[in-house]
Amino acid sequence: MVSGGWGWFTTVASILIGQTTVVTMGFINNRSQTRREARARLAEQYKVITERRETFELAQLVEVNTLLRNAMTSLHAFGSARRHYRSRLREDPAAPPETYRQPMLDASAASDAALDTLRSQIGFILADDVRALADAAEKALTMAAAGVLLDQSIDSGTLGARANAAYEALAARLRDIYATRESAMPTA
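Residues numbered from 1 in each chain as written. Predicted model: local features only at pLDDT ≥ 70, side-chain atom pairs only at ≥ 80, totals over all residues. Heavy atoms only, no water.

K.L.:
Could you give me a rundown of the overall build of the protein chain, with the residues and numbers involved?
P.N.:
A count of helical and extended segments in the protein chain gives 4 helices and 0 strands. Mapped from its N terminus to its C terminus, the protein chain presents α and β elements in the order α-α-α-α. Taken against the 2.2 N^0.38 rule, which gives 16 Å for 188 residues, the C-alpha radius of gyration of the protein chain at 35 Å runs more than 25% over that of a compact globule. Projected onto its principal axes, the C-alpha positions of the protein chain cover 135 × 30 × 30 Å. (Helix = DSSP H or I, 4+ residues; strand = E, 2+ residues; numbered from the N terminus. Rg over C-alpha atoms; globule rule 2.2 N^0.38 Å.)

K.L.:
So what about the side chain of R82? Which residues, and what values?
P.N.:
Mapping R82 onto the fold places it in helix α1 (residues 7–91). Owing to a relative accessible area of 12%, R82 belongs among the buried residues under this scheme. Setting aside anything within four residues of it in sequence, one finds R82 in contact with M104, V148, L149 and D151. (Buried < 20%, exposed > 50% of the residue type's maximum accessible area, 1.4 Å probe, protein only. Contact = heavy atoms within 4.5 Å.)

K.L.:
Provide a residue-level description of the packing of α1 against helix α2 (residues 97–122), including the pertinent values.
P.N.:
Where α1 contacts α2, the two axes come as close as 8 Å, and the packing angle between them is 160 degrees. In terms of their interaxial angle, α1 and α2 are classed as roughly antiparallel. Between α1 and α2 lies a crossing whose hand is left-handed. Partitioned by chemical class, the residues of the contact of α1 with α2 number 20 nonpolar, 7 polar and 4 charged. (Axes fitted to C-alpha atoms, helices over the stretch in contact; angles between N-to-C directions. Parallel < 35°, antiparallel > 145°, perpendicular 65-115°, else oblique. Left-handed = near helix turned anticlockwise from the far one by under 90°. Nonpolar A, V, L, I, M, F, W, Y, C, P; charged D, E, K, R; others polar.)

K.L.:
I'd like a description of a positive patch on the surface, backed by residues and values.
P.N.:
A cluster of basic residues, R31, R35, R36 and R39, forms a positive patch on the protein surface. Structurally, R36 can be placed in helix α1. (Patch = residues over 30% accessible without salt bridge, like charges linked within 9 Å, V, L, I, M, F, W, Y side chains within 5 Å. Areas by Shrake-Rupley, 256 points an atom, 1.4 Å probe, with all protein chains shown as cover. Salt bridge = Lys/Arg side-chain N within 4 Å of Asp/Glu carboxyl O. Lys, Arg positive; Asp, Glu negative; His and termini not counted. Charge placed at Lys NZ, Arg CZ, Asp CG, Glu CD.)

K.L.:
Describe unusual backbone geometry, and please don't skip the residues or the numbers.
P.N.:
A positive phi is found at D151, a non-glycine position, where the angle reads about 60 degrees. Locating D151 in the fold gives a position in the loop between α3 (128–149) and α4 (156–184). The exposure class assigned to D151 is partly exposed, which follows from its relative accessible area of 37%.

K.L.:
Give me a nonpolar patch on the surface: which residues, what numbers.
P.N.:
A cluster of nonpolar side chains, W6, W8, F9, V12 and L16, forms an exposed patch at the surface whose accessible area comes to about 620 Å². Position of F9 among the secondary structure elements: in helix α1.

K.L.:
Let's hear about the nonpolar core: which residues, and what values?
P.N.:
Formed by 37 residues in total, the largest nonpolar core has its most connected members in L118 and L141. Looking at this core, the elements that each hand over two or more residues are α1, α2, α3 and α4. In terms of residue count, the dominant contributor to this core is α1 (11 residues). Sequence-distant contacts of L118, defined by excluding residues within four places in its chain, comprise V64, L67, L68, A71, E138 and L141. (Core = buried A, V, L, I, M, F, W, Y, C linked by side-chain atoms within 4.5 Å.)

K.L.:
Please set out the packing of α2 against α3 residue by residue, giving values where relevant.
P.N.:
The geometry of α2 relative to α3 is characterised by a closest axis approach of 10 Å and an angle of 160 degrees between their N-to-C directions. By the angle between their directions, the pair α2 and α3 is classed as roughly antiparallel. Note on packing geometry: the crossing formed by α2 with α3 is left-handed. Listed contacts from α3 to S111, L115, L118, R119 and I122 of α2 are R131, A134, D135, E138, L141, T142 and A145. Looking at side-chain class alone, the contact of α2 with α3 contains 6 nonpolar, 2 polar and 4 charged residues.

K.L.:
Lay out α3 with the relevant residues and their values.
P.N.:
For an α-helix the count is 3.6 residues per turn, leaving residues at separations of three or four pointing the same way. Given a rise of 1.5 Å per residue, 22 residues ought to cover 32 Å, and the 31 Å separating the end C-alpha atoms of α3 matches this to within 8%. Considered for burial, the residues of α3 that qualify are V130, A134, A137, E138, A140, L141, A144, A145, G147 and V148. Just past α3, the residue D151 takes up positive phi, approximately 60 degrees. (Expected span 1.5 Å × (residues − 1).)

K.L.:
Explain the side chain of Q60 to me, and be specific about the residues and the numbers.
P.N.:
In this structure, Q60 sits in helix α1. Sequence-distant contacts of Q60, that is, excluding residues within four places in its chain, are made with Q121 and F124.

Below, the structure written as C-alpha coordinates:
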(Lines give C-alpha, C1' and ligand atoms only; values in the text may rest on other atoms or scores of the structure.)
Protein backbone atom coordinates (compact mmCIF):
# COMPACT_ATOMS: atom_id res chain seq x y z
CA MET A 1 0.00 0.00 0.00
CA VAL A 2 2.83 2.35 0.58
CA SER A 3 4.11 3.19 -2.80
CA GLY A 4 6.04 6.37 -3.38
CA GLY A 5 4.09 8.61 -1.01
CA TRP A 6 2.99 11.26 -3.47
CA GLY A 7 0.26 9.28 -5.24
CA TRP A 8 -2.44 10.24 -2.76
CA PHE A 9 -1.35 13.89 -2.98
CA THR A 10 -1.72 13.98 -6.78
CA THR A 11 -5.11 12.31 -6.51
CA VAL A 12 -6.36 14.79 -3.90
CA ALA A 13 -4.79 17.73 -5.77
CA SER A 14 -6.45 16.62 -9.01
CA ILE A 15 -9.81 16.39 -7.31
CA LEU A 16 -9.38 19.82 -5.69
CA ILE A 17 -8.21 21.40 -8.95
CA GLY A 18 -11.16 19.82 -10.76
CA GLN A 19 -13.64 21.06 -8.16
CA THR A 20 -12.11 24.55 -8.20
CA THR A 21 -12.33 24.60 -11.98
CA VAL A 22 -16.00 23.53 -11.89
CA VAL A 23 -16.88 26.15 -9.25
CA THR A 24 -14.95 28.89 -11.08
CA MET A 25 -16.52 28.05 -14.45
CA GLY A 26 -19.97 27.98 -12.83
CA PHE A 27 -19.34 31.40 -11.31
CA ILE A 28 -18.11 32.82 -14.65
CA ASN A 29 -21.05 31.31 -16.53
CA ASN A 30 -23.55 32.65 -13.99
CA ARG A 31 -22.07 36.17 -14.25
CA SER A 32 -22.16 36.00 -18.04
CA GLN A 33 -25.76 34.77 -17.97
CA THR A 34 -26.73 37.53 -15.52
CA ARG A 35 -25.15 40.17 -17.77
CA ARG A 36 -26.90 38.78 -20.86
CA GLU A 37 -30.23 38.79 -19.05
CA ALA A 38 -29.69 42.38 -17.83
CA ARG A 39 -28.84 43.52 -21.37
CA ALA A 40 -31.91 41.70 -22.70
CA ARG A 41 -34.12 43.40 -20.07
CA LEU A 42 -32.68 46.82 -20.95
CA ALA A 43 -33.19 46.17 -24.66
CA GLU A 44 -36.79 45.09 -24.02
CA GLN A 45 -37.44 48.18 -21.86
CA TYR A 46 -35.99 50.41 -24.57
CA LYS A 47 -38.14 48.69 -27.19
CA VAL A 48 -41.30 49.11 -25.09
CA ILE A 49 -40.55 52.78 -24.42
CA THR A 50 -39.81 53.41 -28.09
CA GLU A 51 -43.04 51.68 -29.15
CA ARG A 52 -45.07 53.70 -26.64
CA ARG A 53 -43.45 56.93 -27.82
CA GLU A 54 -44.08 56.07 -31.47
CA THR A 55 -47.69 55.08 -30.77
CA PHE A 56 -48.27 58.33 -28.89
CA GLU A 57 -46.59 60.36 -31.61
CA LEU A 58 -48.53 58.62 -34.38
CA ALA A 59 -51.81 59.38 -32.63
CA GLN A 60 -50.82 63.03 -32.15
CA LEU A 61 -49.69 63.49 -35.74
CA VAL A 62 -52.92 62.06 -37.11
CA GLU A 63 -54.97 64.15 -34.68
CA VAL A 64 -53.14 67.39 -35.51
CA ASN A 65 -53.53 66.67 -39.22
CA THR A 66 -57.28 66.20 -38.74
CA LEU A 67 -57.55 69.30 -36.54
CA LEU A 68 -55.61 71.39 -39.05
CA ARG A 69 -57.97 70.30 -41.80
CA ASN A 70 -60.97 71.07 -39.57
CA ALA A 71 -59.56 74.52 -38.78
CA MET A 72 -59.06 75.24 -42.49
CA THR A 73 -62.60 74.11 -43.27
CA SER A 74 -64.12 76.12 -40.43
CA LEU A 75 -62.12 79.21 -41.45
CA HIS A 76 -63.46 78.94 -45.00
CA ALA A 77 -66.99 78.47 -43.63
CA PHE A 78 -66.52 81.53 -41.39
CA GLY A 79 -65.26 83.61 -44.32
CA SER A 80 -68.19 82.50 -46.43
CA ALA A 81 -70.69 83.24 -43.65
CA ARG A 82 -69.13 86.67 -43.09
CA ARG A 83 -69.35 87.53 -46.82
CA HIS A 84 -72.94 86.27 -46.93
CA TYR A 85 -73.81 88.38 -43.88
CA ARG A 86 -72.30 91.54 -45.43
CA SER A 87 -74.03 90.99 -48.77
CA ARG A 88 -77.43 90.39 -47.11
CA LEU A 89 -77.05 93.57 -45.09
CA ARG A 90 -76.37 95.49 -48.31
CA GLU A 91 -79.34 93.88 -50.06
CA ASP A 92 -81.85 94.35 -47.26
CA PRO A 93 -80.70 96.82 -44.58
CA ALA A 94 -84.21 96.92 -43.06
CA ALA A 95 -84.21 93.26 -42.05
CA PRO A 96 -83.34 92.47 -38.45
CA PRO A 97 -79.55 92.08 -38.24
CA GLU A 98 -79.73 89.27 -35.70
CA THR A 99 -81.32 86.97 -38.26
CA TYR A 100 -78.39 87.53 -40.58
CA ARG A 101 -75.77 87.70 -37.90
CA GLN A 102 -76.44 84.41 -36.10
CA PRO A 103 -75.09 82.06 -38.83
CA MET A 104 -71.95 84.23 -39.01
CA LEU A 105 -71.55 84.14 -35.21
CA ASP A 106 -71.99 80.37 -35.22
CA ALA A 107 -69.35 80.02 -37.95
CA SER A 108 -67.04 82.33 -36.01
CA ALA A 109 -67.49 80.29 -32.83
CA ALA A 110 -66.84 77.06 -34.75
CA SER A 111 -63.68 78.56 -36.25
CA ASP A 112 -62.47 79.74 -32.84
CA ALA A 113 -63.18 76.32 -31.31
CA ALA A 114 -61.33 74.55 -34.12
CA LEU A 115 -58.33 76.85 -33.73
CA ASP A 116 -58.31 76.43 -29.93
CA THR A 117 -58.41 72.66 -30.27
CA LEU A 118 -55.63 72.73 -32.87
CA ARG A 119 -53.53 75.05 -30.71
CA SER A 120 -53.89 72.76 -27.68
CA GLN A 121 -52.71 69.69 -29.58
CA ILE A 122 -49.73 71.17 -31.43
CA GLY A 123 -47.63 71.17 -28.26
CA PHE A 124 -47.82 67.38 -28.08
CA ILE A 125 -45.96 66.88 -31.37
CA LEU A 126 -42.57 65.47 -30.43
CA ALA A 127 -40.56 66.40 -33.53
CA ASP A 128 -39.45 70.04 -33.24
CA ASP A 129 -39.42 70.77 -36.97
CA VAL A 130 -42.93 69.37 -37.47
CA ARG A 131 -44.21 71.27 -34.43
CA ALA A 132 -42.75 74.53 -35.78
CA LEU A 133 -44.48 74.12 -39.14
CA ALA A 134 -47.81 73.19 -37.54
CA ASP A 135 -47.47 76.18 -35.21
CA ALA A 136 -46.78 78.49 -38.18
CA ALA A 137 -49.88 77.15 -39.95
CA GLU A 138 -51.97 77.69 -36.82
CA LYS A 139 -50.71 81.27 -36.47
CA ALA A 140 -51.54 81.94 -40.13
CA LEU A 141 -55.04 80.55 -39.59
CA THR A 142 -55.49 82.69 -36.47
CA MET A 143 -54.41 85.81 -38.35
CA ALA A 144 -56.72 84.92 -41.23
CA ALA A 145 -59.65 84.46 -38.82
CA ALA A 146 -58.93 87.88 -37.33
CA GLY A 147 -58.79 89.30 -40.86
CA VAL A 148 -62.17 87.78 -41.73
CA LEU A 149 -63.66 89.35 -38.62
CA LEU A 150 -62.29 92.75 -39.69
CA ASP A 151 -63.46 92.28 -43.30
CA GLN A 152 -59.89 92.23 -44.56
CA SER A 153 -58.83 90.21 -47.55
CA ILE A 154 -57.04 86.97 -46.82
CA ASP A 155 -53.91 85.91 -48.64
CA SER A 156 -55.10 82.40 -49.35
CA GLY A 157 -51.85 81.60 -51.17
CA THR A 158 -49.74 82.18 -48.07
CA LEU A 159 -52.30 80.48 -45.86
CA GLY A 160 -52.43 77.46 -48.16
CA ALA A 161 -48.64 77.30 -48.41
CA ARG A 162 -48.27 77.26 -44.62
CA ALA A 163 -50.98 74.65 -44.25
CA ASN A 164 -49.50 72.50 -47.02
CA ALA A 165 -46.03 72.73 -45.44
CA ALA A 166 -47.52 71.53 -42.15
CA TYR A 167 -49.46 68.72 -43.90
CA GLU A 168 -46.31 67.57 -45.69
CA ALA A 169 -44.22 67.67 -42.49
CA LEU A 170 -46.87 65.68 -40.63
CA ALA A 171 -47.06 63.13 -43.45
CA ALA A 172 -43.27 62.87 -43.71
CA ARG A 173 -42.96 62.24 -39.98
CA LEU A 174 -45.70 59.59 -40.16
CA ARG A 175 -43.89 57.87 -43.02
CA ASP A 176 -40.63 58.06 -41.09
CA ILE A 177 -42.15 56.41 -38.02
CA TYR A 178 -43.72 53.63 -40.08
CA ALA A 179 -40.46 53.08 -41.98
CA THR A 180 -38.62 52.78 -38.68
CA ARG A 181 -41.16 50.27 -37.41
CA GLU A 182 -40.93 48.19 -40.58
CA SER A 183 -37.15 48.04 -40.43
CA ALA A 184 -37.35 46.91 -36.79
CA MET A 185 -39.65 44.02 -37.65
CA PRO A 186 -37.92 40.64 -37.52
CA THR A 187 -37.80 38.76 -40.79
CA ALA A 188 -38.93 35.15 -40.83
